[in-house]
Every structure is written in structure tokens, then in C-alpha cells.
Number of protein chains: 2
Amino acid sequence: MSSLYLAAGLAGRTASLTSSAIRDLLALTARDDVISLAGGLPATDLIPIDRIAAAAEAVVRRPDAVQYCETSGHRTLRSVIAAREAHARGGVPVPVESVIVTHGSQQALTLLAQALIDPGAPVVVDEPAYTGALQVFSIAEARIESIPITDTGMDTDELERRLTAGLRPAVVHTVANFHNPRGVTMSEQRRRHLAALADRYGFWVIEDDPYGEICFDAMESGIEAPPLPIACHSDRVIRLSSASKILAPTLRVGWFVAPLGVCAAVELLKQGADLCGSSMTQLMAAEMLADTTWLDAHLTVLRREYGARATALTSALAAEFGARLTVSRPEGGMFAWASFRDGTDSSELLDSALDHGVAFVPGSAFASAAQYRHSLRLSFAGSTPSVLKEAVRRLGTAHSASARVL
Amino acid sequence: MSSLYLAAGLAGRTASLTSSAIRDLLALTARDDVISLAGGLPATDLIPIDRIAAAAEAVVRRPDAVQYCETSGHRTLRSVIAAREAHARGGVPVPVESVIVTHGSQQALTLLAQALIDPGAPVVVDEPAYTGALQVFSIAEARIESIPITDTGMDTDELERRLTAGLRPAVVHTVANFHNPRGVTMSEQRRRHLAALADRYGFWVIEDDPYGEICFDAMESGIEAPPLPIACHSDRVIRLSSASKILAPTLRVGWFVAPLGVCAAVELLKQGADLCGSSMTQLMAAEMLADTTWLDAHLTVLRREYGARATALTSALAAEFGARLTVSRPEGGMFAWASFRDGTDSSELLDSALDHGVAFVPGSAFASAAQYRHSLRLSFAGSTPSVLKEAVRRLGTAHSASARVL
């Protein structure tokens, strides 16, 4: 933000805010001549536009679809989500009252931060972390502590050492399934361990799960579905998800499932924040999520296509860079994580990459303590396999050009 | 909020929040046997459902209608709003960049409070005040100061006396057109005075204008349109409005127009709060607001119908209560304000009223300093004239029953 924009009369805390590096990058990469692997957007060509249009047509003339709705969300949608959540938890019943619908799961994060975090309180995040969470906790004036992610998720042994040494977080935030940006999934053992630590030390776990449903085809690759949610192992877990990645971002339908005390506090904050969500888009989401025959077929297509795109990207990276680049092997979600072993600085590479018509997010965007100077996040979701191959070819050219300059 | 719900581990500031009395009342009055004059909802029977369905049909298959949109709002909608705002300001150009679209104007209030108000800073509100604003400023931990409303709007002479005595507010919030709950409109002289005070003392004015377009028919009643916006007289004015009252609440489309420094700060806060709004409902709103032939005809119907309902309510109140009740004479908007002159306590009357099948909001809900024990807000918007007459008949019975008990 240029100083030109820092008008007099802004609140003190506002003046220190900075824009998410990714959001700024998205503006730069909206050019037609750039293939962007930078965004966190689902594939536009896989958004079920006809089904969405049918859902709009089905609900829009209902009087309860055009008025204000309940702050906690339209009852119909909350019931559908509660039933799906019970299924995801292996059949444990989930009361409708424990589901709160929010304006995307980003709003859930913001309101939970307001409800649970006093200024200065410690909050534990993944290292590397989802940038949207870093931004929310920074606005909440939390003291951010990070715990490294390994191939089996957040290192709960390290967390336990820090707790033993005196760390008392208000909240631990983690993306347990198909991590953004690392791509890994937390093991069942670590889920149980994290839940036990939450019970013992009395912190809240925010289990942020936007990608859990996008699990690639087990038949082809020997991939197993993620373990049961962390929420199955403790009452101190608040589980977040969203319709943005499996239906469409435009619905702005996210939700969380939490103990009633947390739901009541967030409902009060949401009254002040925006009164309520859109009854129309909530009823549209309910219509589609309840149409399980259609939804199952749609998810099958998403999983197969995203899996094919992930394979196309990682194969092309292996062919282009060989041993100079280590690349994660995504089993779901939207992202691959890669790290140069030849000393390449990913932030410096980005300038050259944009010149050659390809964009990614440098690892530094996800850093709270470590720097990830040699790493980058690549989204395979939004491009077809042939476009991904071309993107990697451009990245290779940019890397060669950048290396020559060095 | 019962203590049962106050789970351990909530942030300190959360534990002291209380629900809006109106929101709680709305839950009580959702019963079929109660005629509710309590809500702030626009008339469901006047929401243009067919036009909304056509707008959905027109936009929903556009790729940019289903993805994430820009944090500041879809460019198409921002352009339409900028053009309408320029017209409202008597032809002064309004740059697109000075328009930010929010999730209803309640979100605009919340984000502006975050951007402009440090905890403990003084904020001036109308007395009586819009309860949603009181809630937002309370969450922002502002020190709330109130200035009485008279028949020509906020008493700016009293404000000037307080400023001279040392009051230094960060923000002055006022509803200048068809005030909620008082129904009055600020005179041009007071608009100019408030703008001059903002320039002299360096505070921001939030000119909250959800009802300005609902101005009753001048032909029938000699009513004049409201004066030009306060924003015409100073650059320190942030003007808020919304599509909720003229199109439909379900769109969740609100907006504000402000200097670029304020827009930039709020855009950063909105990134953290919810990333962006719904591109679909924003494009639907743009489609309808740009269809001026249809919109003008629709507004004509709204103004005529709301005007007829206002007259039906105030006439019935005069017939039922005579000199025992003074009633405002609404010239626009959705509310009448009434005050008992016979000592009736409106909070006590509410219990009896609910027993007799009619609801209103007691004056105390709008109080920050004064108490308004004898006053009540009645919404005429949501009921037809015959239902309003029945509501007043029930109110009369409740008043008699309540008086007998006393």
C-alpha cells in the first residue's frame, strides 16, 4: 500500500496491515499471456454451471429465498451439512445447532479468531501456513507460533515439546487434508495426538478442511482416503469447510461445526459483521449438496480430472528439472509444493517466470518463521494437462534465463 | 446468552457481547399468530421475484459469475453504483475506485469501524440510533457518545457545543434520510453544518443511507425529496447504501463511497474478513440497477405502496389512541416512531401486545443515553393496510388490558 493511500484518520492497527502477497500476485497474473499456477481458485471449466443454474431456478421464487435469513444460516442448509458431517465422522450424530453457515470459510476463520483470541494471545499455525489464516490471525493481533509440517502433517511431537516448555495457545490451526501449500495429509496417529493435547492443555483446534472431498482416485494410485477428522477424537475441535472448492466460490457458502458455546459467540459476532448470509445461495447449495446422486457423480469427475492434472504437472516438472527440483506427490487437493536443490531463489525466479508467461507463488508467501526461499507452490487445479506442460516448459526457460543472469 | 453457553476459552471481549434486542425479538415474533411490526425487513410481497429470477438466469452461466471476484467488488457493479451515486450528487463525477461493494451495508459499517476506530476512541451516534450501528461500535470497543435527533435530523448545534468543549470523535454516524427509528430527514442546513464541522475538526462522517430511494409520492402529500447528500459538502464523508431495501436482502449487496485511502484500508480488511463477495449476486444487482426503465417503475410502485401503508398505520394509530400517543409522519423509509403521553411503558406493553398477537420494538432498543421508555418503533413496510389496521386494533386491546393491570 503506497503512502499516498495512508489517509489521515485511520485506526492505528489498520496502518500496519499489508495485503496478502498472493492477492496482489493474482492481480499481476490476470494477464492473458500468463499461465497462472499461482491462484487458489478451483477449475472454472469444472464448475457445474448447468446444475448451478438449475438450482437457482429451483429456489429463486421461494419467498424465503429473497428475504434476510437467520444469522446462523438457513435451517435447510444447516441440516444438509449436519447430515454430511455425521457421515464424514463415521456415523456419529451431529446436531443441526452445532453447524453455523458463514460467508465462505474465510469468514468462519475471522469470526472464530474474534471469538477465541484476545490480542497478544499465542496461536499455533502450520509451518508453512495457509496465507489466509496468517492474515486473519495477524488482524486479530495474535502472537503467531509455528510448528513444522512433515509428510504426515503438523509435527505434534514438536508441539508437545513446546507445550511442555510452557506455550499456552488459545488456538491451533491446521489444514489436515491435502495441505495448502504442502499437499500432505495428517496421519491418524497425529490426529489422535493433537486431539489429546487439546484436551490436556485446553486449547481449541481449528481443523480447516476445504479440500478433504477432493481425494484422487484410489484405484489408480493406491491412495487411501484421509483418516477420520480430528474432531472425532476431541470436543475441543472446530471443523471448517466450504462449498467453494466442490461447487462454486460464487455461492460464498462456508461453515463450521463446533460446540454450542462457540456457535453462540460466533452468531453474535456475525450479527454485527453482516446480519446474515444470502438465503438464495444457501438454498442453492443445500439443493446441490442434498442431491447425492448428482453430487457423487460430480465429485468423481472432479477427483479424476484434478488427479490427471496433478500427474501432468508433477511428471512435466520431473522431466524438465530432474534432480534439481524435489516435488510433492499430491494425493488430493489443488496444490503441488516444489523445492529447488540448485540454490534457485523462488522469489527471484518469479520475475523471470512472469517475463516468460508463467506464474506461481514463492514459498516466502507461506512463511511465518522459516523462509522457504527455494520453494514454490504450484496449483494444478485450473489448467488442463496440455496447458500445464506448456507452463512447465516456460518455467524451464525462465529458470535457464535466470540462471544465466546469476 | 445463558451462562450454559459461555464455554471456557472464549476471548475476553466476546464474553461481554449481547445479542441485538431486535434480533432476539424477531425470533419471538416469527409465530404465525403474531402480526409483527417489529422487523426491519422490506415487504416480501413487493420484492420483484420475477425480475430477480430473470437476472439470475441472465448471469449465472457467465464464467465470471461463478468464480471468486475482486475483493472490492465486481467492476460491473461498481461502475453502475458510481454512475447512480454521481446522479444522486447532482452530477458530480464519482470514480469507480471510490466504490467498495460489501456483504450488505452492515459489513461496510463493520469494516469501516475496524479501519477508522481505535479501541476507546469516541464515536458519535444519533440519539436514538440504528441498533446495528450501536452493535458494531460496541464490538469495535468505541466510546459511544450520542447527539439528539430533532425533526430536522441530528442536532448539529449540540454537536458543535460538544466539539467546542473538547469532544474529538473518530467518526460521526448518522442516518440522514428517513431515519431509523425516528423517521425524520436531516435538513440541508444541518447537512452543510455537519460537513463543515467534519472539515474543521477532522472526523469522518458515515452517512448511512439505506432508505433514501424510498421517498413517498410528492404529488399526493406535498413531500419534498431529501436534500443533496452530506457527501456533497465535504471529502470527509463516507456514504453507505444497499440493494437490500429496494431490490432484495438476499443479494447481500451493500456498498460505500469514500476517499481512496479509506477504500484501500477496507479492502485489506475485507480480504481477511471473507476474501470477496458473490460475483453472481453482484452481477444480478448490477443487471437490475442498470435497467433504469424497469427500476424506475419498480421504485414508483415501492414508494406508492409504502406511502399507502404508512398512511394506513398512522391513521389507525390516531383513531385508536388519539392524543394519548404522538406519532411521527413518515415521508419515506419503513418506520413510524410513536410516544405514549399517558405514561405507558413500551417495554411493559410489549408483553401484553405479544399476548394479543402484535409486536413492535420498544424505544429502549435504540437508546444509548436516553431511555425512550414511552416510545416504540413500528414498521409499516411489511404489512398491507388492512393487516396494519388489525395490528393497531390488537395494540389498542393490549394497551387497555395492560392499563387495567396497572
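Bear in mind the structure is a predicted one, so any value in this text is a computation, not a measurement.

## A short note on the sheet that holds strand β11 (residues 335–340) of chain B
Residue and element names in this part refer to chain B.
Consideration 1: Taken together, the 4 strands give an open sheet; going across it, the order is β10-β11-β14-β13, and neighbouring strands pair in antiparallel fashion. Looking at the sheet topology across the chains shown, the edges are occupied by β10 (325–327) and β13 (361–362).
Consideration 2: Pairing geometry for β10 and β11, over 3 bridges, is antiparallel. Looking across to β11, one finds that Val-327 is bridged to Ala-338.

## Some remarks on the environment of Val-96 of chain B
Residue and element names in this part refer to chain B.
Consideration 1: By the secondary structure assignment, Val-96 is in the loop between α5 (75–88) and β2 (99–103).
Consideration 2: Relative accessible area serves as the criterion here: at 18%, Val-96 is assigned to the buried category.
Consideration 3: Setting aside chain neighbours within four positions, we find Val-96 in contact with Arg-75, Arg-78, Ser-79 and Ala-82.

## As for the interface of chain B and chain A
It is common to give the size of an interface as the accessible area that goes away when the parts come together.
Consideration 1: Contacts between chain B and chain A engage 77 residues on the former and 77 residues on the latter.
Consideration 2: Together, the buried faces of chain B and chain A total about 6,300 Å²; carbon and sulfur atoms form 59% of this surface.
Consideration 3: Between the two partners, chain B and chain A, sit 2 salt bridges.
Consideration 4: Notably, a salt bridge pairs Asp-50 of chain B with Arg-61 of chain A, separated by 3.3 Å at the nearest N-O pair.
Consideration 5: Joining chain B to chain A, the criterion identifies 35 residue pairs in polar contact (both at pLDDT 80 or more).
Consideration 6: Among the elements of the structure, α1 (12–15), α3 (49–59), α4 (63–66), α6 (104–116), α7 (131–139), α11 (260–274) and α12 (279–290) of chain B are those that each provide at least two residues to the side of chain B that touches chain A.
Consideration 7: Taken together, the residues of the side of chain B that touches chain A break down into 41 nonpolar, 25 polar and 11 charged.

## Things to note about the environment of Arg-84 of chain A
Residues and elements named next belong to chain A.
Consideration 1: Relative to the assigned elements, Arg-84 resides in helix α5 (residues 75–88).
Consideration 2: By relative accessible area, Arg-84 is classed as partly exposed at 23%.
Consideration 3: Between the C-alpha atom of Arg-84 and that of Leu-289, which follows or precedes it by 205 residues, the distance is 8.6 Å.
Consideration 4: For Arg-84, the contacting residues outside a window of four places in its chain are Glu-213, Ile-246, Leu-289 and Leu-295.

## Let's talk about the relation of the copies chain B and chain A
Consideration 1: With an RMSD of 0.0 Å, the fit of chain B onto chain A corresponds to turning through 180 degrees and sliding 0.0 Å along the axis. In short, the pair behaves as if placed about a two-fold rotation axis.
Consideration 2: Comparing interface residues between copies, 100% of those in chain B also sit at the interface in chain A, which points to an isologous, same-surface contact.

## Looking at the domain arrangement of chain A
All names here are of chain A.
Consideration 1: By the assigned domains, chain A splits into domain 1 (3–48 + 296–405) and domain 2 (67–291).
Consideration 2: A C-alpha centroid distance of 24 Å is found between domain 1 and domain 2.
Consideration 3: Of the residues lining the interface, 35 residues belong to domain 1; the matching set on domain 2 comes to 29 residues.
Consideration 4: Surface buried jointly by domain 1 and domain 2 totals about 2,700 Å² across both partners, of which 62% is contributed by carbon and sulfur atoms.
Consideration 5: Three residues stand out in domain 1 for area buried against domain 2, namely Arg-303, Glu-331 and Phe-366, and they jointly supply 21% of the buried area on that side.
Consideration 6: On inspection of domain 1 and its partner domain 2, the count reaches 1 salt bridge.

## Here's the deal with the sheet that holds strand β8 (residues 237–242) of chain B
Residue and element names in this part refer to chain B.
Consideration 1: With respect to topology, 8 strands assemble into an open sheet ordered β2-β9-β8-β7-β6-β3-β4-β5, the strand pairing being mixed. With one partner strand each, in any of the chains shown, β2 and β5 (153–154) form the two edges of the open sheet.
Consideration 2: Running at roughly 155 degrees to β8, α6 makes contact with β2, β6 (171–174), β7 (204–208), β8 and β9 (253–257) of the sheet.

## A look at the pairing of strand β4 (residues 143–150) of chain A
Residue and element names in this part refer to chain A.
Consideration 1: In the sheet, strand β3 (residues 122–127) pairs with β4 via 6 bridges, with the strands oriented parallel. Bridge assignment links Val-123 to a residue of β4, and that residue is Ile-144.
Consideration 2: Crossover connection from β3 via helix α7 (residues 131–139) to parallel β4: handedness right-handed.
Consideration 3: By the bridge criterion, 2 bridges tie β4 to strand β5 (residues 153–154) in an arrangement that is antiparallel. Bridge assignment links Thr-150 to a residue of β5, and that residue is Gly-153.
Consideration 4: Hairpin connection between β4 and β5: a loop of 2 residues separates the two successive antiparallel strands.

## Structural notes on the pattern of salt bridges
Residues and elements named next belong to chain B.
Consideration 1: Applying the stated rule across the entire model yields 47 salt bridges over all chains.
Consideration 2: In this structure, the salt-bridge partner of Glu-145 is Arg-162, at a minimum N-O distance of 2.8 Å. Taken as a pair, Glu-145 in strand β4 (residues 143–150) and Arg-162 in helix α8 (residues 156–164) lie far apart in primary sequence, 17 residues in all.
Consideration 3: With its nearest N and O atoms 3.1 Å apart, the salt bridge here joins Lys-270 to Asp-274. Within this pair, Lys-270 and its partner Asp-274 are both found in helix α11, separated by 4 residues, close to a single helical turn. Of the two residues examined, Lys-270 and Asp-274, each falls in the buried class.
Consideration 4: The network of salt bridges with shared partners includes Arg-143, Glu-145, Glu-158, Arg-161 and Arg-162.

## Things to note about empty space enclosed by the protein
Consideration 1: Inspection of every chain in the model, using the stated rule, returns 7 cavities of 30 Å³ or more.
Consideration 2: For the second largest cavity, the calculated volume is near 90 Å³.
Consideration 3: What lines the second largest cavity is a set of 15 residues, and nearest its centre among them are His-103, Arg-252, Ser-278 and Thr-281 of chain A together with His-103 of chain B.
Consideration 4: Contributing elements (two or more residues each) for the lining of the second largest cavity: β2 (99–103) and α12 (279–290) of chain A.

## Concerning the nonpolar core
Consideration 1: Residues Met-284 and Tyr-306 of chain A together with Met-284 and Tyr-306 of chain B are the most contacted members of the largest nonpolar core, which totals 169 residues.
Consideration 2: The element contributing the most residues to this core is helix α13 (residues 292–321) of chain A, with 11 residues.
Consideration 3: Discounting chain neighbours no more than four positions away, the residues touching Tyr-306 of chain B are Pro-42, Ala-43, Leu-46, Ile-214, Phe-216, Gly-333, Met-334, Phe-380 and Ala-381 of chain B.
Consideration 4: Counting residues in hydrophobic clusters, the runner-up holds 35 residues, among them Ala-108, Ala-142, Ile-206 and Leu-269 of chain A.

## Some details on helix α9 (residues 188–201) of chain B
Residues and elements named next belong to chain B.
Consideration 1: An ideal rise of 1.5 Å per residue puts 20 Å on 14 residues; α9 measures up with 20 Å between its terminal C-alpha atoms.
Consideration 2: Within α9 the residues assigned to the buried category are Arg-190, Arg-191, His-193, Leu-194, Ala-195, Leu-197 and Ala-198.
Consideration 3: Residues of α9 that are buried in the fold lie against β4, β5, α8, β6 and β7.
Consideration 4: Backbone geometry just downstream of α9 places Gly-202 in the positive-phi region, at approximately 75 degrees.

## Structural notes on the packing of aromatic side chains
Consideration 1: Counted according to the given criterion, the structure contains 10 aromatic pairs over all chains.
Consideration 2: Note on Tyr-211 of chain B and Phe-335 of chain B: the rings are 5.8 Å apart at their centroids and 90 degrees apart in plane angle, and the pair reads as edge-to-face. Placement of Tyr-211 of chain B in the loop between β7 and α10 (218–221) and of Phe-335 of chain B in strand β11 is noted, with a sequence separation of 124 residues between them. Across the pair, Phe-335 of chain B and Tyr-211 of chain B agree in class, each one buried.
Consideration 3: An aromatic cluster of at least three residues, connected via ring pairs, comprises Trp-337, Phe-366 and Tyr-372 of chain A.
Consideration 4: Here Arg-236 of chain A stacks its cationic end above the ring of Trp-204 of chain A, 4.3 Å away from the centre of that ring.
Consideration 5: Across the ring face of Trp-294 of chain B, the terminal group of Arg-51 of chain B is positioned such that the distance to the ring centre comes to 5.4 Å.

Parameters and conventions
Residues numbered from 1 in each chain as written. Chains lettered and ligands numbered in written order. Predicted model: local features only at pLDDT ≥ 70, side-chain atom pairs only at ≥ 80, totals over all residues. Heavy atoms only, no water. Pairing = 2+ DSSP bridges. Helix = DSSP H or I, 4+ residues; strand = E, 2+ residues; numbered from the N terminus. Buried < 20%, exposed > 50% of the residue type's maximum accessible area, 1.4 Å probe, protein only. Contact = heavy atoms within 4.5 Å. Buried area = accessible area lost by both parts, 1.4 Å probe. Salt bridge = Lys/Arg side-chain N within 4 Å of Asp/Glu carboxyl O. Polar contact = N/O pair within 3.5 Å; in protein donor to acceptor, adjacent residues only side chain to side chain. Nonpolar A, V, L, I, M, F, W, Y, C, P; charged D, E, K, R; others polar. Least-squares fit on C-alpha atoms with pLDDT ≥ 70 in both. Domains from an automatic or database assignment. Axes fitted to C-alpha atoms, helices over the stretch in contact; angles between N-to-C directions. Right-handed = clockwise from strand over helix to strand, strands pointing away. 1 Å grid on protein atoms, 1.4 Å probe; cavity = no way out; pocket = protein on both sides within 12 Å on 5 of 7 lines; lining within 4 Å. Points joined across faces, edges and corners; volume = space filled by probe spheres on them. Core = buried A, V, L, I, M, F, W, Y, C linked by side-chain atoms within 4.5 Å. Expected span 1.5 Å × (residues − 1). Phe/Tyr/Trp six-rings, centres within 6.5 Å; stacked < 30°, edge-to-face > 60°. Lys NZ or Arg CZ within 6 Å of the ring centre and 35° of its normal.

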